[in-house]
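Here are the chains, one letter per residue:
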Amino acid sequence: MPPIRAAITAVAGHLPEGILSNKDLESMVETNDEWIRSRTGIEQRHILKTANTGTSDMCVEVVKDLLAKSNTKPEEIDMIICGTITGDLVFPDTANTIADKCGLKNAFGYDINAACSGFLFSLTTGAQFVQTGFCKKVIVLGADKMSSIIDYQDRATCVIFGDGAGGVLLEPNEEGFGFMDAIHCGDGSGREILHMKAGGSLKPPTVDTVLAKEHFVYQEGKAVFKKAVNGMIDTTKRVLERNNLKKEDIDWLVPHQANMRIIQSVASGFDFDMEKVMLTIAKTGNTTAGTLPICLWKYEDKLKKGDKIMLTAFGGGLTWGSTYLTWAY
Ligand code: UT7
């Protein structure tokens, strides 16, 4: 009998209605549509504009859809994990807020702060709870309201990021489909090339930190770009190798959607066909932890039972990795 695997049995996503186009950005910072499209592949991003709403509100929409699609009652969910760096509050975590808003009365959970690798790491965490038998139904989310931490006067960052959420339901699978393998990496020595300078215990918020704009994303784009390409190629190659897979065996590559040039470099790094690469970046920008589940959600109708899927991400921390799974429905 094959081992019990944690399989995705439903996928959902939510993109807020507000749109910030490249044209809109032209009137906000010194940039232009041509530069943004050619350097990043982004045409527009979604922005959560409704007053008094945060990351949990996007996730509530995702959870409601996951429950409806899988015909699951809220009280059947055992665990909820939310990959995010833009939780509603510094504490408590957002997962418990989402559980409360959705009536997941029997669920425990927490957030995972791994930036753009947030969903990837959360998926692995959730899968362990299912595969050990500790939980039967686990919701894994990746979501960020990046507009809450972006300086819309900084052209180097404001053109890239957008808001969005996605998630999956994980359940035990006895047919051998689901989470197969993952390699995850971290390098805290690179924390200064992609971070927020203040707001934590090291440098709590003050009038000075606000005036110095230290509560926004700070990124050294070129340095992150290089590490992202090398990191994602390396872990993807290693996951392929240790599962005796050739690139031709993979039906879909699901890369973090940070920059179209990064995605193309990763695909060409192991000579992978761009036709089989999931892409949402043009319409969503970089939604940080949201990008991978949003891709799965947007491509759900193209997926077939047994499809071999490779997810890969890179982000602040630094954090990165690749996950191999097979589609279960
Ligand atoms: O998701 C988490 C991980 N993050 C990433 O993976 C992002 C990685 N980095 C990137 O995607 C790219 O580095 C950026 C999109 C952030 C920047 O693209 P780049 O090709 O690395 O541009 P650059 O920073 O080297 O800048 C090239 C030029 C500079 O002008 P000079 O010095 O050559 O005159 C910039 O000042 O482009 C200028 N520039 C812009 N021009 C118009 C930078 N941003 C803009 C802009 N519009 N928005």
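Nothing here was measured: the structure is a model prediction, and the numbers come from that model.

About the criteria used
- Residues numbered from 1 in each chain as written.
- Predicted model: local features only at pLDDT ≥ 70, side-chain atom pairs only at ≥ 80, totals over all residues.
- Heavy atoms only, no water.
- Domains from an automatic or database assignment.
- Contact = heavy atoms within 4.5 Å.
- Buried area = accessible area lost by both parts, 1.4 Å probe.
- Salt bridge = Lys/Arg side-chain N within 4 Å of Asp/Glu carboxyl O.
- Polar contact = N/O pair within 3.5 Å; in protein donor to acceptor, adjacent residues only side chain to side chain.
- Axes fitted to C-alpha atoms, helices over the stretch in contact; angles between N-to-C directions.
- Helix = DSSP H or I, 4+ residues; strand = E, 2+ residues; numbered from the N terminus.
- Parallel < 35°, antiparallel > 145°, perpendicular 65-115°, else oblique.
- Left-handed = near helix turned anticlockwise from the far one by under 90°.
- Pairing = 2+ DSSP bridges.
- Near = heavy atom within 4 Å.
- Areas by Shrake-Rupley, 256 points an atom, 1.4 Å probe, with all protein chains shown as cover.
- Buried < 20%, exposed > 50% of the residue type's maximum accessible area, 1.4 Å probe, protein only.

Draft legend 1. Inspection of the domain arrangement of the chain at higher detail. One can read the domain layout of the chain as domain 1 (5-176) and domain 2 (180-326). The straight-line distance from the C-alpha centre of domain 1 to that of domain 2 is 14 Å. Between domain 1 and domain 2, the contact holds 50 residues from the first and 46 residues from the second. Overall, the association of domain 1 and domain 2 removes approximately 3,700 Å² of surface from exposure, summing both partners, and the carbon and sulfur fraction of that is 62%. Along the contact surface separating domain 1 from domain 2 lie four salt bridges. Residues glutamate 300 and lysine 69 are paired through a salt bridge, measuring 2.8 Å at the closest nitrogen-oxygen approach. At the boundary of domain 1 and domain 2, one finds 18 residue pairs in polar contact (both at pLDDT 80 or more).

Draft legend 2. Up close: the packing of helix 3 (residues 55-70) against helix 4 (residues 94-102). Running from amino to carboxyl end, helix 3 crosses helix 4 at an angle of 50 degrees, the nearest separation of the two axes being 9 Å. With respect to helix 4, the element helix 3 is oriented oblique. Handedness of the helix 3/helix 4 crossing: right-handed. Contacts from Ser56, Asp57, Cys59, Val60 and Val63 of helix 3 reach helix 4 at Thr94, Thr97, Ile98, Lys101 and Cys102.

Draft legend 3. A look at the sheet that holds strand 12 (residues 308-315). Spatially, four strands are ordered 8-13-12-11 in an open sheet, and the strand pairing comes out mixed. With one partner strand each, in any of the chains shown, strand 8 (178-186) and strand 11 (252-255) form the two edges of the open sheet. Going from strand to strand, the sheet's axes swing by 10 degrees on average, the running direction of each strand aside. Where strand 11 lies against strand 12, four bridges are found, and the strand directions are parallel. Bridge pairing links valine 254 to leucine 311 in strand 12.

Draft legend 4. Just the site of the ligand, in detail. Inspection of the region around the ligand gives 23 residues, with Thr31, Lys222, Asn259, Arg261 and Asn286 positioned closest. One nitrogen or oxygen atom from the side chain of threonine 31 is found 2.6 Å from a nitrogen atom belonging to the ligand. Between asparagine 259 and the ligand, the recorded distance is 2.7 Å, taken from a side-chain N or O atom to an oxygen atom. Compared with its free state, where it exposes 950 Å², the ligand has 74% of that area covered by protein. Counting only elements with at least two residues in the shell around the ligand, the list comes to helix 2 (33-40), helix 6 (155-158), helix 8 (221-242) and helix 9 (260-269). The dominant element in the shell around the ligand, judged by the number of residues it contributes, is helix 8, at four residues.

Draft legend 5. Highlighting the side chain of serine 322. One can find serine 322 in strand 13 (residues 319-326). At a separation of 2.9 Å, a polar atom in the side chain of serine 322 contacts the side chain of threonine 236. Engagement of the side chain of serine 322 in a polar contact is seen with the side chain of threonine 312, the distance being 3.1 Å.

Draft legend 6. Structural detail: the environment of valine 159. Its place among the elements puts valine 159 in the loop between helix 6 and strand 7 (163-173). In this structure, the C-alpha to C-alpha distance between valine 159 and arginine 37, residues 122 residues apart in sequence, is 9.9 Å. Once residues lying within four places of it in the same chain are set aside, the contact partners of valine 159 are Leu25, Thr31, Trp35, Ile36, Ile42 and Arg45.

Draft legend 7. Spotlight on the environment of histidine 46. Inspection of the secondary structure puts histidine 46 in strand 3 (residues 44-47). Accessibility expressed as a relative area gives 12% for histidine 46, which makes it buried. Separated by 25 residues in sequence, histidine 46 and serine 21 have C-alpha atoms that sit 8.7 Å apart. If we ignore the near neighbours within four places in the chain, the residues touching histidine 46 are Leu15, Pro16, Gly18, Ile19, Gly162, Asp163, Lys283 and Thr284. A distance of 2.6 Å separates a polar side-chain atom of histidine 46 from the backbone oxygen of proline 16.

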